Amino acid sequence: MEISKDIRALIINLREKNHSLREIGKMVNKSHATVQYVINRYKENKSLGNRPRKLVGIHRGAILKEMREKTND
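Small disclaimer: the values here were computed from a predicted structure and weren't measured.

Reading the values: the criteria
- Numbering of residues begins from 1 in every chain and follows the order in which that chain's sequence is written.
- Per-residue local features are limited, in this predicted model, to residues with pLDDT of at least 70; the limit for side-chain atom pairs, both in listing and counting, is 80 or more; totals at the level of whole chains, interfaces and linings are taken over all residues.
- Only hydrogens and water are set aside when side-chain values are computed; all heavy atoms of the structure are taken into account.
- Secondary structure elements follow DSSP: runs of H or I no shorter than four residues count as helices, runs of E no shorter than two count as strands, and numbering proceeds from the N terminus.
- Buried means the residue's accessible area, taken with a 1.4 Å probe over protein chains only, is under 20% of the maximum for its type, while exposed means over 50%, and partly exposed covers the values in between.
- Along the chain, pLDDT gives the predictor's confidence residue by residue, from 0 to 100.
- For this document, the term salt bridge refers to a Lys or Arg side-chain nitrogen within 4 Å of an Asp or Glu carboxyl oxygen.
- Remark: nonpolar core denotes a set of buried residues (Ala, Val, Leu, Ile, Met, Phe, Trp, Tyr, Cys) joined through side-chain atoms within 4.5 Å.
- Any two residues whose heavy atoms approach within 4.5 Å at even a single point are treated as in contact.

## Examining unusual backbone geometry
Even without being glycine, Asn18 reaches a positive phi, approximately 70°. Mapped onto the elements, Asn18 comes out in the loop between α1 (5-16) and α2 (21-28). Looking at Asn18, the relative accessible area reads 70%, which means it is exposed. Although it is not a glycine, Asn29 sits at a positive phi angle of roughly 60°. As for its placement among the helices and strands, Asn29 is situated in the loop between α2 and α3 (32-45). Taking relative accessible area as the criterion, Asn29 reaches 69% and is therefore assigned exposed.

Written as structure tokens, this is what we have:
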């Protein structure tokens, strides 16, 4: 089951206020493992969304550059 964006935001907010994973889990009615998962995803993606961006920064630029070079050949 998907966790709503509001719950993910609450989890991050409570963690920033130094609540433990188990405390947060009890507050939002989720397991501490789920809370840890949400926090880790936030740290990796810097986003509350469920999916990471498909292309970020340098990767997107490198792909576009390569495509331009191939079309010019």
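Back to the text.
## Quick notes on the confidence of the model for the protein
Put simply, the protein has an average pLDDT of 85, and 84% of its residues get 70 or more. Looking at the elements of the protein, mean pLDDT is at its lowest for helix α4 (residues 57-72), recorded as 79, and at its highest for α2, recorded as 96.

## With respect to the pattern of salt bridges
Summed over all chains, the structure comprises one salt bridge. When the shortest N-O distance is used, the salt bridge between Lys70 and Glu66 registers 3.4 Å. In this pair, Lys70 and Glu66 are both assigned in helix α4, four residues apart and thus about one turn of the helix distant. Of the residues examined, Lys70 reaches a relative accessible area of 57% and is grouped as exposed.

## Examining the nonpolar core
Counting 10 residues, the largest nonpolar core is built from Ile3, Ile11, Ile12, Leu14, Leu21, Ile24, Val28, Val35, Val38 and Ile39. If you list the elements that add at least two residues to this core, you get α1, α2 and α3. Filtering out sequence-adjacent residues up to four positions away, Ile11 remains in contact with Ile24, Val28, Val35, Val38 and Ile39.

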